Amino acid sequence: MTNHEADQETERVPRHIAIVMDGNGRWARKRLMPRQAGHRAGAEAVRRVVETAGNMGVEALTLFAFSSENWSRPTEEISVLMELFMRTLEKESARLHENNVRICVMGQRERLGRQLREQIEAAEALTADNTGMTLVIAASYGGRWDIVQACQAIAQRARDGELDPEKGD
């Protein structure tokens, strides 16, 4: 590969990739395995995706890991998912930090358990100054929630005098 061809390949790398993590349960069922096995396999796939995206030079990777609609799943499955999320953060945060990856979690944190929130805060604090790829994990996140958050932020800016709705700014 010539230098020009390598430059063209680099130019084709997207700056931001977003992945909706879906189908782990179906993957497991198809293989006559419990849903939890599918979730664990999904976590393993995430590790490979994060590593590959970082090596390719992707600036941001967003994983839609647990939507706000997922709270309607059976309690046992939710517990397994939250435990898997916490253990994965515990296990992978140091490695991500060593690889200069910054971790950010978005979503309704108040719905997550105290221990998981603490683990998220620790991972974000550990990696806050990293300048490599940003890994965004959307947990307890949904489109409606995002719209409400945006509207509240705009209303607060108007209340604080930072924008004037009459002027359209």
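These numbers come from a predicted model, not from an experiment.

Calculation rules
Within any chain, residue numbers begin from 1 and follow the written order of that chain's sequence. Reporting of local features is limited, given that this is a predicted model, to residues whose pLDDT is at least 70; pairs of side-chain atoms are given and counted only at 80 or more, and all residues count toward the totals for whole chains, interfaces and linings. Based on all heavy atoms of the structure, the side-chain values leave hydrogens and waters out of the count. A run of H or I in DSSP becomes a helix once it reaches four residues, and a run of E becomes a strand once it reaches two; helices and strands are each numbered from the N terminus. Buried means the residue's accessible area, taken with a 1.4 Å probe over protein chains only, is under 20% of the maximum for its type, while exposed means over 50%, and partly exposed covers the values in between. Whether two residues are in contact is decided by their heavy atoms: any pair within 4.5 Å suffices. DSSP-based pairing: two strands are paired if at least 2 bridges between them are found. Axis definition: a line fitted to C-alpha atoms, limited for helices to the stretch in contact. Angles are taken between N-to-C directions and run from 0 to 180 degrees. Put simply, a nonpolar core is a bunch of buried Ala, Val, Leu, Ile, Met, Phe, Trp, Tyr and Cys residues held in one set by side-chain atoms that sit within 4.5 Å of each other. A pair is scored as a salt bridge if a Lys or Arg side-chain nitrogen falls within 4 Å of a carboxyl oxygen belonging to Asp or Glu. Note on terminology: angles under 35 degrees are roughly parallel, angles over 145 are roughly antiparallel, angles of 65 to 115 are roughly perpendicular, and the others are oblique. Put simply, a crossing is left-handed when the front helix is turned counterclockwise from the back one by less than a right angle, and right-handed when it is turned clockwise. Residues are grouped as follows: nonpolar covers Ala, Val, Leu, Ile, Met, Phe, Trp, Tyr, Cys and Pro; charged covers Asp, Glu, Lys and Arg; every other residue, Gly included, is treated as polar. The span one expects for a helix is its residue count, reduced by one, times 1.5 Å. Aromatic rings from Phe, Tyr and Trp, taking only the six-membered ring of Trp, are treated as a pair when their centres fall within 6.5 Å; an angle between ring planes under 30 degrees marks them as stacked, one over 60 as edge-to-face, and anything in between as tilted.

Draft legend 1. Structural view of the overall build of the chain. In terms of helices and strands, the chain carries six helices and four strands. Secondary structure elements of the chain occur, N-terminal to C-terminal, as α-β-α-α-β-α-β-α-β-α. Along the three orthogonal principal directions, the C-alpha set of the chain runs to about 60 × 55 × 30 Å. The proportion of buried residues among the 169 residues of the chain is 33%. Contacts in the chain between residues at least 24 apart in sequence constitute 77% of all its contacts with a sequence separation of at least 6.

Draft legend 2. The arrangement of the sheet that holds strand β3 (residues 102-106) in detail. Overall, parallel pairing links the four strands, which are arranged β1-β2-β4-β3 in an open sheet. What marks the edges here is a single partner per strand, and that holds for β1 (16-20) and β3. Across the sheet, the mean angle from the axis of one strand to that of its neighbour is 20°, orientation sign disregarded. Judged from the five bridges that link them, β1 and strand β2 (residues 60-67) form a sheet pairing that is parallel. Along β2, the bridge assignment pairs I17 with L61. Together, β1, β2 and β4 (134-141) form the strand contacts of helix α3 (residues 35-56), whose direction differs from that of β2 by roughly 160°.

Draft legend 3. Summary view of the nonpolar core. Among the nonpolar cores identified, the biggest contains 27 residues, and V50, F85, L116 and L135 are the most heavily contacted of them. Only α3, β2, α4 (75-98), β3, α5 (114-127) and β4 provide two or more residues apiece to this core. Residues contacting F85, with those up to four places away along its chain left out, are V105, L116, I120, I137 and A139.

Draft legend 4. Main features of the pattern of salt bridges. Counting across every chain of the model gives 11 salt bridges. Between E83 and R87 there is a salt bridge whose closest N-O contact spans 2.7 Å. Taken together, the residues E83 and R87, both in helix α4 and four residues apart, mark about one turn of the helix. The partly exposed category is assigned to E83, whose relative accessible area is 35%. On the accessibility criterion, R87 (38% relative accessible area) is partly exposed. Among the ionic pairs, E90 bridges to R87, the shortest N-O distance being 2.7 Å. Placement of both E90 and R87 in helix α4 is noted, with a separation of three residues, approximately one turn of the helix. Of the residues examined, E90 reaches a relative accessible area of 41% and is grouped as partly exposed.

Draft legend 5. Just the packing of α4 against α5, in detail. In the contact formed by α4 and α5, the axes pass within 10 Å of each other and the chain directions differ by 15°. Here α4 is positioned roughly parallel relative to α5, judged by the angle of their axes. Judged by the twist between their axes, the crossing of α4 over α5 is left-handed. Here M82, F85, M86, L89, E90, S93, A94 and H97 of α4 lie close against α5, whose contacting residues are Q115, L116, Q119, I120, A123, L126 and T127. Looking at the contact of α4 with α5 residue by residue, the classes come out as nine nonpolar, five polar and one charged.

Draft legend 6. Broad picture of helix α6 (residues 143-159). With 17 residues, α6 extends 24 Å from end C-alpha to end C-alpha; this agrees with the ideal 24 Å at 1.5 Å per step. Looking one or two places after α6, you find G161, whose phi comes out positive at around 80°.

Draft legend 7. Expanded view of the packing of aromatic side chains. Across all of its chains, the model carries two aromatic pairs by this definition. Centre to centre, the rings of F64 and Y141 are 5.7 Å apart; their planes meet at 50°, and the pair counts as tilted. In this pair, F64 sits in strand β2 while Y141 sits in strand β4, placing the two residues 77 residues apart along the sequence. Using a relative accessible area of 27% as the deciding quantity, one classes F64 as partly exposed. Take Y141: its relative accessible area is 11%, and that puts it in the buried class. Arranged with centres 5.0 Å apart and planes meeting at 80°, the rings of F66 and W71 form a pair that is edge-to-face. Across this residue pair, the class does not change: F66 and W71 are buried.

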